[in-house]
Amino acid sequence: MQPARSADGTVMVAHSYYLRYDPKQVERMKPYPPLATLLVAAVLRRAGYRVTFFDAMLAEGVEVFCRVLQAAPPAALVLVEDNFNFLTKMCTTRMRQAALDMIRAARACGVPVLVNGSDAHDHPELYLAAGAGAVILGEPEAAVLDVLARWERHPRAALDDVPGLAIAIPGDARGAPPVRRTAPRPPLADLDTLPFPAWDLVDVERYRTAWLGAHRRFSWNVVASRGCPYRCNWCAKPIFGTRYVQRSPASVAEELRRLRSAVAPNHLWFADDIFGLTPQWIEAFAAEVEARRAATPFTMQSRVNLMQPRVVEALARAGAEEVWLGVESGSQRILDAMDKGTRLDQIREATRNLRAHGIKACWFIQLGYVGEAWDDILKTRDVIRDEQPDDIGVSVSYPLPGTAFYDRVKHLLGSKTNWVHSGDLDMMFPGTYRTEFYRAIRDLLHEEVRQRTALDARWTELAEWEPRARRGNGRRLPVA
């Protein structure tokens, strides 16, 4: 089963996340290969396609892609973003520009392009206008095979009856084309039917060098599930939605075993929105890992309400080293406004349970939610002081299409609706305070964690600044 429109029928699989375009991530230097992209590559190879892979992560820029493309134009370009990487879900404008430039370059070479990713899902008209033949909505694996099969028969075959796509309707060539969405495609029900990612396509040693140079350890990414069943009203889920489907514990443990010989990392990052979810799955996973002697220190994400003693004990046996929790705020009022579904006592209990089993407890904090006031911020500071998480990540509320939060503030958005890069931290809507004030709070919260001391003097300075930092433009949102 080979595409017939080039000499060798090769399909190029690629993504558009260039680390060098994101200053914050260059500084962190924690590059991971694109899991979703490599899964699509593995699916295509299993179906009989010849596949090449362009990895943008450590590339110098789009110009490298253009040189590779021009040297050996493929039969088709499948541009799949890593839907498991939270950085791609931010839909930054710099990475959008890179993707559009790659599409235009491919079309200039006469190569048809198929696209999948969060930003393309939200704004398919931009990607179709750049020259993409179709945008895959939702999971990409099955749709990629269907579209390529059509293009094998004819390069301009109609895609109207292929489910799960956004396609252009011929119209005025001067602007973005009207978009038609085909019938929805049912999601994958059994993730164990997928092959393991095509690790052999990755320049593993280049990743190893980057990690060892920055951190003296080499980390690799794995994913055990898709989706998240919780409904925090600011969280965008364009690809996997609110359903939650897991691989079997045995499949994930076997991947860890094979990675030990194929890649040899000494740390793993589970890229799941929520790893494990149930005590039964996590306990079974720990048993499968122990049976294979495949335990590798790993980092994961979860929720405070899930970190019960039984779960934490099993995570420790499986190799968990660090758990990132979506704490968001130390104010119960703000947590309730977010539809977070968690309580302050659960934050404290989860942190203490993890620490009791030797696992680092790290917190995601979100500033600037609608109605957040100075007292709410101080409550967040105080719970950080009380519980002393091992690390924190601080952001501000970021409206993304498809969320209730976005619908609430979209009429207040200005011309800038996306961050340029992940360190932007710009308020997209007029919150209680200006952007620079939130940046100062972020820096001080990080100091609270790093120094483990009460920085009372600096908090007093911020308290004195606070009245002057309020927006006076008459567009402040009502208290939640």
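Residues numbered from 1 in each chain as written. Predicted model: local features only at pLDDT ≥ 70, side-chain atom pairs only at ≥ 80, totals over all residues. Heavy atoms only, no water.

### A few points about the overall build of the chain
Here is step 1: Scanning the chain from N- to C-terminus turns up 18 helices and 15 strands.
Here is step 2: Here the C-alpha atoms of the chain give a radius of gyration of 23 Å, agreeing with the 23 Å that 2.2 N^0.38 yields for 480 residues.
Here is step 3: Overall, the chain is about 70 × 60 × 40 Å in size when its C-alpha atoms are taken along their principal axes.
Here is step 4: Here the chain holds 480 residues, and 57% of them are scored as buried.
Here is step 5: By sequence separation, contacts in the chain at least 24 residues apart represent 74% of the contacts at least 6 residues apart. (Helix = DSSP H or I, 4+ residues; strand = E, 2+ residues; numbered from the N terminus. Rg over C-alpha atoms; globule rule 2.2 N^0.38 Å. Buried < 20%, exposed > 50% of the residue type's maximum accessible area, 1.4 Å probe, protein only. Contact = heavy atoms within 4.5 Å.)

### So, the sheet that holds strand β12 (residues 298-302)
Through backbone hydrogen bonds, the strands of a sheet pair up, either in parallel or in antiparallel fashion.
Here is step 1: One open sheet accounts for six strands, arranged β8-β11-β12-β13-β14-β15; its pairing is parallel. The open sheet terminates on both sides in strands that have one partner only, identified here as β8 (219-222) and β15 (391-396). Averaged over all neighbouring strand pairs, the angle between strand axes comes to 25°, with direction disregarded.
Here is step 2: Sheet topology note: the strand β13 (residues 320-328)/strand β14 (residues 360-367) ladder contains five bridges and is parallel. By the bridge assignment, valine 323 is partnered in β14 with alanine 361. (Pairing = 2+ DSSP bridges. Axes fitted to C-alpha atoms, helices over the stretch in contact; angles between N-to-C directions.)

### Observations regarding the environment of glutamate 387
Here is step 1: With respect to the helices and strands, the residue glutamate 387 is situated in helix α15 (residues 374-387).
Here is step 2: For glutamate 387, a relative accessible area of 3% gives the class buried.
Here is step 3: The spatial distance from the C-alpha of glutamate 387 to the C-alpha of alanine 166 is 47 Å, given a sequence separation of 221 residues.
Here is step 4: If we ignore the near neighbours within four places in the chain, the residues touching glutamate 387 are Arg348, Thr351, Arg352, Arg355 and Trp363.

### Focus on unusual backbone geometry
Here is step 1: With a phi close to 55°, cysteine 91 is a non-glycine residue in the positive phi region.
Here is step 2: Residue leucine 425 is not a glycine yet carries a positive backbone phi of 55°.
Here is step 3: Residue position: leucine 425 is located in the loop between α16 (404-409) and α17 (435-451).

### Notes on the nonpolar core
Considering soluble globular proteins, one finds that nonpolar side chains tend to be buried as a cluster.
Here is step 1: Residues Phe285 and Met307 are the most contacted members of the largest nonpolar core, which totals 164 residues.
Here is step 2: With near-sequence residues (within four places) excluded, methionine 307 lies in contact with Met300, Ser302, Val312, Leu315, Val323, Leu325, Ala350, Asn353 and Leu354. (Core = buried A, V, L, I, M, F, W, Y, C linked by side-chain atoms within 4.5 Å.)

### A word on the pairing of β15
Here is step 1: Here β15 shows one buried face, formed by Ile392, Val394 and Val396, and one open face, formed by Asp391, Gly393 and Ser395.
Here is step 2: Where β14 and β15 come together, six bridges link them in parallel fashion. Considered in β15, the bridge of leucine 367 is made with valine 396.
Here is step 3: Following the chain from β14 across α15 to the adjacent parallel β15, one finds a crossover that is right-handed. (Right-handed = clockwise from strand over helix to strand, strands pointing away.)

### Thoughts on the packing of helix α2 (residues 35-46) against helix α8 (residues 141-153)
Here is step 1: The interhelical angle for the contact between α2 and α8, taken along N-to-C directions, is 50°, at an axis separation of 10 Å. Between α2 and α8, the angle is such that the two are oblique. In this structure, the crossing between α2 and α8 has a hand that is right-handed. In this structure, α2 uses Leu39, Val40, Val43 and Leu44 to contact α8, whose residues at the interface are Glu141, Val144, Leu145 and Leu148. (Parallel < 35°, antiparallel > 145°, perpendicular 65-115°, else oblique. Left-handed = near helix turned anticlockwise from the far one by under 90°.)

### Examining the packing of aromatic side chains
Here is step 1: Tallying each qualifying case throughout the model produces 25 aromatic pairs.
Here is step 2: Note on tyrosine 18 and phenylalanine 54: the rings are 6.3 Å apart at their centroids and 50° apart in plane angle, and the pair reads as tilted. In this pair, tyrosine 18 is assigned in the loop between β1 (10-14) and α1 (23-28) and phenylalanine 54 in strand β2 (residues 50-54), connecting sequence segments 36 residues apart.
Here is step 3: The interplanar angle of 20° and the centroid separation of 5.3 Å between the aromatic rings of phenylalanine 84 and phenylalanine 240 together place this pair among those described as stacked. Of this pair, phenylalanine 84 sits in the loop between β3 (76-80) and α4 (86-89) while phenylalanine 240 is found in the loop between β9 (225-226) and β10 (245-246), placing the two residues 156 residues apart along the sequence. For the pair phenylalanine 84 and phenylalanine 240, a shared accessibility class is recorded, and that class is buried.
Here is step 4: Within the aromatic cluster, the residues linked to one another by ring pairs are Trp374, Tyr433, Phe437, Tyr438, Trp459 and Trp465.
Here is step 5: Its end group placed over the ring of tyrosine 230, arginine 303 keeps NZ or CZ at 3.6 Å from the ring centre.
Here is step 6: Sitting over the ring of tryptophan 459, arginine 381 keeps its end group 5.2 Å from the ring centre. (Phe/Tyr/Trp six-rings, centres within 6.5 Å; stacked < 30°, edge-to-face > 60°. Lys NZ or Arg CZ within 6 Å of the ring centre and 35° of its normal.)

### Concerning the side chain of aspartate 82
Here is step 1: Tracing the backbone shows aspartate 82 in the loop between β3 and α4.
Here is step 2: Put simply, aspartate 82 is tucked away with no salt bridge, and the nearest opposite charge, on lysine 89, sits 8.6 Å away.
Here is step 3: A polar side-chain atom of aspartate 82 sits 3.1 Å from the main-chain amide nitrogen of leucine 35.
Here is step 4: Dropping the residues within four chain positions of it, aspartate 82 is found in contact with Pro33, Pro34, Leu35, Ala36, Thr37, Thr88 and Asn221. (Lys, Arg positive; Asp, Glu negative; His and termini not counted. Salt bridge = Lys/Arg side-chain N within 4 Å of Asp/Glu carboxyl O. Polar contact = N/O pair within 3.5 Å; in protein donor to acceptor, adjacent residues only side chain to side chain.)

### Remarks on the sheet that holds β3
Here is step 1: The strand order β2-β1-β3-β4-β5-β6-β7 describes an open sheet built from seven strands, whose pairing is mixed. Each end of this open sheet is capped by a strand with a single partner; those strands are β2 and β7 (179-181). Strand-to-strand twist of the sheet, defined as the mean angle between neighbouring strand axes without regard to direction, takes the value 25°.
Here is step 2: Sheet topology places strand β5 (residues 134-136) next to strand β6 (residues 165-168); two bridges connect them, and they run antiparallel. Each bridged residue has a counterpart across the sheet, and for isoleucine 136 the counterpart in β6 is leucine 165.
Here is step 3: Along the sheet face, helix α3 (residues 62-71) touches β1, β2 and β3 and points at about 155° away from the line of β2.

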